[in-house]
Amino acid sequence: MYQGKKVSVVFPVYNEEKNIRKAIEEFFATGLVDEIVAVDNNSKDGSSTEIKASKATYVFETRQGYGAALQRGMREATGDLIVTVEPDGTFSARDLEKLLIYSLDFPVVIGTRTARSLVGAGANMGWLLRMGNIVVAKLLGCLFRGTTLTDVGCTFKLIHRDALLKIQDKFTVAGSHFSPEFMIRVLSAGIPMVEIPVHYGERIGESKITGKLDKAAKLGFRMIRFIIQEWFVWKTKKTQS
């Protein structure tokens, strides 16, 4: 509970057996979290067993993809404040309070992993990946005339329930480029948003998205194409109205 508001945390889970229980325990240990919804997205390891042995709510989502898992989790969450975050050890539960503090002034708070002083040793945030995130985020922010953005792929986000209800039916992306769609839907709806720096550490287990440079580059280009396509749609609607 935070300032009288129920806090829900949503974990998208795909083969996270090595860290999912620890992540659940760490977020509950903050004393700020009322509910954790762990969405098993067709894991092939022991993730489901680990989740079911914890205090988290287990949800199974058959539609494959990071976006599909997060959308399902946000629909299942019952909190007034809904936080999405990866349970792979890269994010710190102690940063949750920072997002909650900013939630007093903003309906949407998103993290950025591009502050060098907060990127830990072994974290998958080399110069190319960092600059790629910054460039694509700047493109999104400029096209949709939003707040200053420096990270298009950070999964550590917070949204008020009333803000989520305004945009959740407009989500279309089931895959890994859901993060920019989330930002676009927020900005297109005119919902105030702020970005704050968060810690980013070494991943436990193998990355399914950006662990290899070619995969990261492919995802980056896919994000750029999606952002530009959505901008044309948004611009056309504004012109017609």
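In this text, all values refer to a predicted model and were calculated from it rather than measured experimentally.

Cut-offs applied
- Residue numbers here run from 1 along each chain, matching the order of that chain's written sequence.
- Local features in this predicted model are restricted to residues whose pLDDT is 70 or higher, and side-chain atom pairs enter the listing and the counts only when it is 80 or higher, whereas totals over whole chains, interfaces and linings include all residues.
- In computing side-chain values, all of the structure's heavy atoms are included and hydrogens and water are not.
- Classification of ring pairs uses Phe, Tyr and Trp, with its six-membered ring standing for Trp, and accepts pairs whose centres are within 6.5 Å; under 30 degrees between planes counts as stacked, over 60 as edge-to-face, and the remaining range as tilted.
- Elements are defined by DSSP. Helices are runs of H or I of four residues or more, strands are runs of E of two residues or more, and each kind is numbered from the N terminus.
- Exposure categories follow from relative accessible area, calculated using a 1.4 Å probe and restricted to protein chains: below 20% of the type maximum is buried, above 50% is exposed, and the middle band is partly exposed.
- Pairs of strands are assigned from DSSP output, requiring at least two bridges between the strands.
- Polar contact criterion, stated in full: a pair of N or O atoms within 3.5 Å, where within protein one must be able to donate a hydrogen and the other to accept it, and residues adjacent in sequence count only if both atoms are side-chain atoms.
- In what follows, a contact means two residues having at least one pair of non-hydrogen atoms within 4.5 Å.
- With axes taken as lines fitted to C-alpha atoms, and helix axes fitted only over the stretch in contact, angles between N-to-C directions fall between 0 and 180 degrees.
- Each nonpolar core is a collection of buried residues, namely Ala, Val, Leu, Ile, Met, Phe, Trp, Tyr and Cys, held together in the definition by side-chain atoms within 4.5 Å.
- An angle below 35 degrees is read as roughly parallel, one above 145 as roughly antiparallel, one from 65 to 115 as roughly perpendicular, and any other as oblique.

Caption draft 1: Here's a closer look at the packing of aromatic side chains. Going through the model one piece at a time under the given rule, you end up with 10 aromatic pairs. With a centroid separation of 5.5 Å and 65° between ring planes, the pair formed by Phe91 and Phe156 is classed as edge-to-face. Of the two residues, Phe91 is situated in the loop between β4 (81-84) and α4 (96-102) and Phe156 in the loop between α5 (127-143) and β6 (157-160); the sequence distance between them amounts to 65 residues. Owing to a relative accessible area of 8%, Phe91 belongs among the buried residues under this scheme. Relative accessible area serves as the criterion here: at 0%, Phe156 is assigned to the buried category.

Caption draft 2: Here's a closer look at unusual backbone geometry. Here the phi dihedral of Gln3 falls at roughly 50°; this positive angle occurs in a residue that is not glycine. Looking at the secondary structure, you find Gln3 in the segment before β1 (7-13).

Caption draft 3: The arrangement of the pairing of β4 in detail. Judged by which residues are buried, β4 turns out to be covered on both faces: Leu81 and Val83 on one side and Ile82 and Thr84 on the other are all buried. Both β1 and β4 contribute to a ladder of four bridges, which runs parallel. Within the sheet, the bridge partner assigned to Ser8 lies in β4 and is Ile82. Sheet analysis places β4 next to β6, joined by four bridges and oriented antiparallel. Bridging across to β6, Leu81 finds its partner in His160.

Caption draft 4: Spatial organisation of the pairing of strand β5 (residues 108-112). Where burial is concerned, most of β5 is hidden: five out of the five residues are buried. Residues Val108, Ile110 and Thr112 of β5 are buried on one face, and the alternating residues Val109 and Gly111, pointing to the opposite face, are buried as well. In the sheet, β5 pairs with β6 via three bridges, with the strands oriented antiparallel. Residue pairing for β6: Val108 is matched across the bridge by Ile159.

Caption draft 5: Structural context of the side chain of Thr90. Within the secondary structure, Thr90 sits in the loop between β4 and α4. By relative accessible area, Thr90 is classed as buried at 5%. There is a polar contact of 2.5 Å between the side chain of Thr90 and the side chain of Asp88. Ignoring anything within four residues of it in the chain, the contact list for Thr90 reads His199, Tyr200, Gly201, Glu202 and Arg203.

Caption draft 6: Fine view of the sheet that holds strand β3 (residues 57-60). Within the open sheet, the seven strands sit side by side as β3-β2-β1-β4-β6-β5-β7. Their pairing is mixed. Sheet topology places β3 and β7 (193-197) at the edges, where each strand pairs with a single neighbour. With strand direction ignored, the average angle separating the axes of adjacent strands in the sheet is 20°. Pairing analysis gives five bridges linking β5 to β7, with the strands arranged parallel. Along β7, the bridge assignment pairs Val109 with Val194. Along the sheet, helix α1 (residues 20-29) makes contact with β1 and β2 (35-40), crossing β1 at roughly 170°.

Caption draft 7: Looking closely at the nonpolar core. Membership of the largest hydrophobic core comes to 39 residues, with the highest contact counts inside it found for Met74, Val108, Leu140, Phe144, Ile159, Phe178 and Phe182. Every element with two or more residues in this core is listed here: β2, α3 (66-76), β5, α5, α6 (161-167), α7 (178-188) and α8 (213-240). If we ignore the near neighbours within four places in the chain, the residues touching Phe144 are Ile184, Leu187, Ser188, Ile227, Glu230, Trp231 and Trp234. Tyr2, Phe11, Val85 and Ile196 belong to the second largest nonpolar core, which has 36 residues in total.

Caption draft 8: Broad picture of the packing of α3 against α7. In contact at an axis separation of 9 Å, α3 and α7 are set at 50° when each is read in the N-to-C sense. As far as their axial angle goes, α7 and α3 are oblique. For the pair formed by α3 and α7, the contact residues are Tyr66, Gly67, Leu70, Gln71 and Met74 on the first element and Phe178, Ser179 and Phe182 on the second.

Caption draft 9: Layout of α7. Most of α7 sits inside the fold, with 10 of its 11 residues counted as buried. Listed in full, the buried residues belonging to α7 are Phe178, Ser179, Pro180, Glu181, Phe182, Met183, Ile184, Arg185, Val186 and Leu187. One or two residues past the end of α7 sits Gly190, with phi positive at roughly 75°.

Functional significance is not addressed by these values, which are geometric in nature.
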